[in-house]
Amino acid sequence: MINEKHLALLKQGIEVWNKWRLNNPEIKPELCGADFSNLNLRGIDFSQTDLGIVNLSGADLSNANLRGADFRSAKLSRIKLNGASLDGTNFKSADISNTDLCGIDFSRAIVKWAKFNRANLSRANFRRADLDRTSFQNACLKETNFTEAKLTEADFSKANLSGAYLQKADMLNANFNKANLSEADLREAELGMAILNRANLSRANFQGANLSIAKLRGARFTEANFCETNLCLVNLQEANLSGVNFRQANLTRTDLTGADLTGADLSGAFLTMTNLTQANLSNAVLYKANLKGAILNKCNLDRANLTEAILVSAQMWESSLILGSLNQANLTGAYLTKADLTDAQLVESLLVATLLGEADLSGANLGKADFWKASLSKAILANTNLAKANLAEADLRECHLCNANLTQANLSTALVMGSNFQQATLTGACIQDWNINSTTQLDGVICDYIYLQERGQERRPSSGSFASGEFTKLFQQAVATVDLIFRNGIDWQAFLNSFQKLQVKCGSEELSIQALENKNDGAFVIRVNVPYNANKAEIEKYLKQEYELQLKALEEKYRYQLEAKDEQIAIHRQQNANLTEIVKILANKPITVEAKAVVKSSNYDLQHSQIAGGIVDAETVHAQQIGGNIDNADR
């Protein structure tokens, strides 16, 4: 309530008022609700005065003493406060709109919930001030100091904060819609859930700030600094972020769909589970960035630097990485189907179980890359450097490998059916148990020597080099294989009889024994070539059944002829276990056997098959001399 006596004293003039205040320092004047609009009150002593709800619009309070004064809910529009002392002054809920307060020091004032709409607060000082829910709509705040101020839910919409100081300020849920924050200093500021839609953030410094879940749609980011900034879960769809500094920033689960990040620096940034679908990252720096589980489908990464980046399980379907650098990057389990990696660098990169089906890797450098169990079916690898690459168990079916450099590459157990190796270099490569077929093209392969086992074991030829075209002749395979495993030794006569019976049931397709392998533990593996489209399971079943039948028949024969015990049967079988007859078959040229019968219950027609021979010397090879593999080189 207003004190009429105090009001009467004030009406006698500022000189009388100030003298009374000087003589009565213990009195706290009560002028609540008074109307002092447009009055000249320069130099007045309003310290510790209750001025709640007063109307001071247009009043001049220059050089006034306002220490501890209470202006709660007062009307202060167009007020002049130049040179006024504001220590501990309470402007809570006051309306100070349309006021020129340039350079005024509010650092120790209480200003929460106040209105500074359209006010000129250029170079004003609000350092550490409590400004929660304060409104600065359309205010001029150039170079204003808000360092460490409390600005929770403050409204800066359309305000000009260019060059303002907002370090460590708490602006949780603040509204900067269409505000100008160009060149503002927001280091380590709290901007969680803040609204910055269409704000101008050009050259602003957000280093170490928290912008998690903030709204930034349509904002301008030209040359802004987001180094070490938390932008987790922020919506940056279609934002122009070209050239922006995001070094070590946290962009986890941020939506960057369609964003322009051309030339942006994302070194060491956290982009786990981030959506970068159709984003433009050409020439961007992603050195050591963490993109685990990120979505980069149809993304432009041409000439981007992804050296040592983590791209585990990243989705990169149809992305373009032309001339990109992915040296030592971890792409384990990544999805790169139909991606364009033309002339990209992937030296020593980790691509374990990566999906690269139909990807274009022509001219890429993949030296020492690890493709273990990777899927590269129908990929283009022409002119690609795969020297010392690990392609063990990789799916390379129908790959285009013309002129590829596979020197010392590991192709063990790789699937290369239908792949084109024309003019590819395979010198020193390991092809242990690789899977080729009649459509695998080995014409013109350049190869001095090869390894049949990993770790440089079983060199072929054992010394010297292959003659021109010799590798192709030895390893070109026109058929698939059926592997027969005999774990408890083998009766060669029984196998020969069953194999010859299969011979009779064959038609025009080619059959041959590719290799005999003694495992040195009593087990034997016989690899039989069959046509690629044959039902291999039925053929294996047929041969094993016939072998068992032949074995029983021979046992009866042995018993009848020798009238011996079981031990004598084993000895007799060992004496007959030489390879003379079977090696003769391998040594002979292919023969055609006419037959009308087919394998029962089989989808594979065996009529008119050919049995191909080999190049083993039947006169010098015996069962007791077998110590490894015997390969049929005519394949």
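(A) Looking closely at the overall build of the protein chain. The secondary structure content of the protein chain amounts to seven helices and eight strands. A total of 635 residues make up the protein chain; the buried ones form 53% of that total. Long-range contacts, defined here as pairs at least 24 residues apart, represent 19% of the contacts in the protein chain between residues at least 6 apart. Of the roughly 28100 Å² of accessible surface on the protein chain, a fraction of 43% belongs to carbon and sulfur atoms.

(B) Seen up close, the environment of Asp-255. By secondary structure assignment, the location of Asp-255 is in the loop between helix 2 (14–23) and strand 1 (450–453). Judged by relative accessible area, which is 19%, Asp-255 ranks as buried. Along the primary structure Asp-255 and Cys-232 are separated by 23 residues, whereas in three dimensions their C-alpha atoms are 9.1 Å apart. Setting aside chain neighbours within four positions, we find Asp-255 in contact with Val-234, Asn-235, Leu-236, Gln-237 and Asn-275. Engagement of the side chain of Asp-255 in a polar contact is seen with the side chain of Thr-257, the distance being 2.6 Å.

(C) Structural context of the packing of aromatic side chains. Tallying each qualifying case throughout the model produces 28 aromatic pairs. Centre to centre, the rings of Trp-492 and Phe-524 are 5.2 Å apart; their planes meet at 85°, and the pair counts as edge-to-face. Of the two residues, Trp-492 is situated in helix 4 (residues 492–504) and Phe-524 in strand 5 (residues 524–530); the sequence distance between them amounts to 32 residues. Taken individually, Trp-492 and Phe-524 each receive the classification buried, so the pair is uniform in this respect. Looking at Lys-112, its charged tip hangs above the ring of Trp-113, at a distance of 5.5 Å from the centre. Taking the ring centre of Tyr-449 as reference, the NZ or CZ of Arg-459 above it sits at 4.2 Å.

(D) View of the side chain of Asp-395. Within the secondary structure layout, Asp-395 lies in the loop between helix 2 and strand 1. A distance of 2.7 Å separates a polar atom in the side chain of Asp-395 from a polar atom in the side chain of Arg-397. Among residues more than four places away in sequence, those in contact with Asp-395 are Ala-374, Ser-375, Leu-376, Ser-377 and Leu-415.

(E) Quick look at a nonpolar patch on the surface. Taken together, the side chains of Met-193, Ile-213 and Leu-233 present a nonpolar region at the surface, about 250 Å² in accessible area. Here Met-193 is to be found in the loop between helix 2 and strand 1.

(F) Inspection of the packing of helix 1 (residues 4–11) against helix 2 at higher detail. Put simply, helix 1 and helix 2 touch, their axes get as near as 6 Å, and they point 130° apart. Taken together, the axes of helix 1 and helix 2 are oblique relative to one another. Residues His-6, Leu-9 and Leu-10 of helix 1 lie in contact with helix 2, whose contacting residues are Val-16, Trp-17 and Trp-20. Here the contact of helix 1 with helix 2 is composed, by residue class, of five nonpolar, one polar and no charged.

(G) Just unusual backbone geometry, in detail. In this model, Arg-460 is joined to Pro-461 through a cis peptide bond whose omega is -10°. Positive phi, close to 60°, is recorded for Arg-123, a residue that is not glycine. Look at Arg-123 and you get exposed, because its relative accessible area is 51%. With a phi close to 60°, Lys-168 is a non-glycine residue in the positive phi region. Its place among the elements puts Lys-168 in the loop between helix 2 and strand 1.

(H) The arrangement of the environment of Ser-419 in detail. Structurally, Ser-419 is set in the loop between helix 2 and strand 1. What makes Ser-419 buried here is its relative accessible area of 0%. Sequence separation of Ser-419 and Ser-377 is 42 residues, and the distance between their C-alpha atoms is 8.8 Å. Apart from the residues lying within four places of it in its own chain, the contact partners of Ser-419 are Leu-396, Arg-397, Glu-398, Cys-399, Leu-401, Thr-439, Thr-440 and Gln-441. From its side chain, Ser-419 meets the backbone nitrogen of Cys-399 in a polar contact 3.3 Å long.

(I) Seen up close, helix 1. By the burial criterion, the buried members of helix 1 are His-6, Leu-7, Leu-9 and Leu-10. Down the axis of helix 1, the buried side of the element spans an arc of 160°, and every buried residue falls inside it. Set apart from the buried face of helix 1 by more than 90 degrees, the exposed residues are Glu-4, Lys-5 and Lys-11. Where helix 1 is buried, its residues meet helix 2. Measuring from the backbone nitrogen of Lys-5 back to the side-chain oxygen at the start of helix 1 gives 3.0 Å, which picks out Asn-3 as the cap. Once helix 1 ends, the next one or two residues include Gly-13, with phi positive near 120°.

(J) Representation of the pairing of strand 2 (residues 457–460) in the model. Where strand 1 lies against strand 2, three bridges are found, and the strand directions are antiparallel. Considered in strand 2, the bridge of Tyr-451 is made with Arg-459.

(K) Local environment of helix 2. Those residues of helix 2 that fall on the buried side of the exposure criterion are Trp-17, Trp-20 and Arg-21. Seen along its axis, helix 2 keeps its buried residues to an arc of 100°; they face one direction. Opposite the buried face of helix 2, by more than 90 degrees, sit the exposed residues Glu-15, Lys-19, Leu-22 and Asn-23.

(L) Summary view of the pattern of salt bridges. Enumeration over the complete set of coordinates arrives at 22 salt bridges. Linking Lys-501 and Glu-546 is a salt bridge whose minimum nitrogen-to-oxygen distance equals 3.2 Å. Of this pair, Lys-501 sits in helix 4 while Glu-546 is found in helix 5 (residues 536–562), placing the two residues 45 residues apart along the sequence. Look at the salt bridges and you will find they share partners, linking Asp-50, Asp-70 and Arg-72 into a network.

(M) The arrangement of the confidence of the model for the protein chain in detail. Chain-level pLDDT for the protein chain is 87 on average; 86% of the residues reach the 70-or-more range. When pLDDT is averaged over each element of the protein chain, helix 2 comes out on top at 96 and strand 7 (residues 610–612) at the bottom at 32. Across residues 587–635 the pLDDT falls below 50, and counting only partners more than four positions away or on other chains, this stretch makes 143 contacts in the model.

(N) Structural detail: the environment of Arg-67. Locating Arg-67 in the fold gives a position in the loop between helix 2 and strand 1. For the pair Arg-67 and Thr-89, spaced 22 residues apart in sequence, the C-alpha to C-alpha distance is 5.5 Å. Residues within four places of Arg-67 in sequence aside, it is in contact with Ser-47, Gln-48, Ser-85, Asp-87 and Thr-89.

What counts and what doesn't
- Residues numbered from 1 in each chain as written.
- Predicted model: local features only at pLDDT ≥ 70, side-chain atom pairs only at ≥ 80, totals over all residues.
- Heavy atoms only, no water.
- Helix = DSSP H or I, 4+ residues; strand = E, 2+ residues; numbered from the N terminus.
- Buried < 20%, exposed > 50% of the residue type's maximum accessible area, 1.4 Å probe, protein only.
- Contact = heavy atoms within 4.5 Å.
- Areas by Shrake-Rupley, 256 points an atom, 1.4 Å probe, with all protein chains shown as cover.
- Polar contact = N/O pair within 3.5 Å; in protein donor to acceptor, adjacent residues only side chain to side chain.
- Phe/Tyr/Trp six-rings, centres within 6.5 Å; stacked < 30°, edge-to-face > 60°.
- Lys NZ or Arg CZ within 6 Å of the ring centre and 35° of its normal.
- Patch = residues over 30% accessible without salt bridge, like charges linked within 9 Å, V, L, I, M, F, W, Y side chains within 5 Å.
- Salt bridge = Lys/Arg side-chain N within 4 Å of Asp/Glu carboxyl O.
- Axes fitted to C-alpha atoms, helices over the stretch in contact; angles between N-to-C directions.
- Parallel < 35°, antiparallel > 145°, perpendicular 65-115°, else oblique.
- Nonpolar A, V, L, I, M, F, W, Y, C, P; charged D, E, K, R; others polar.
- Arc of directions from axis to C-beta.
- Pairing = 2+ DSSP bridges.
- pLDDT = per-residue confidence, 0-100.

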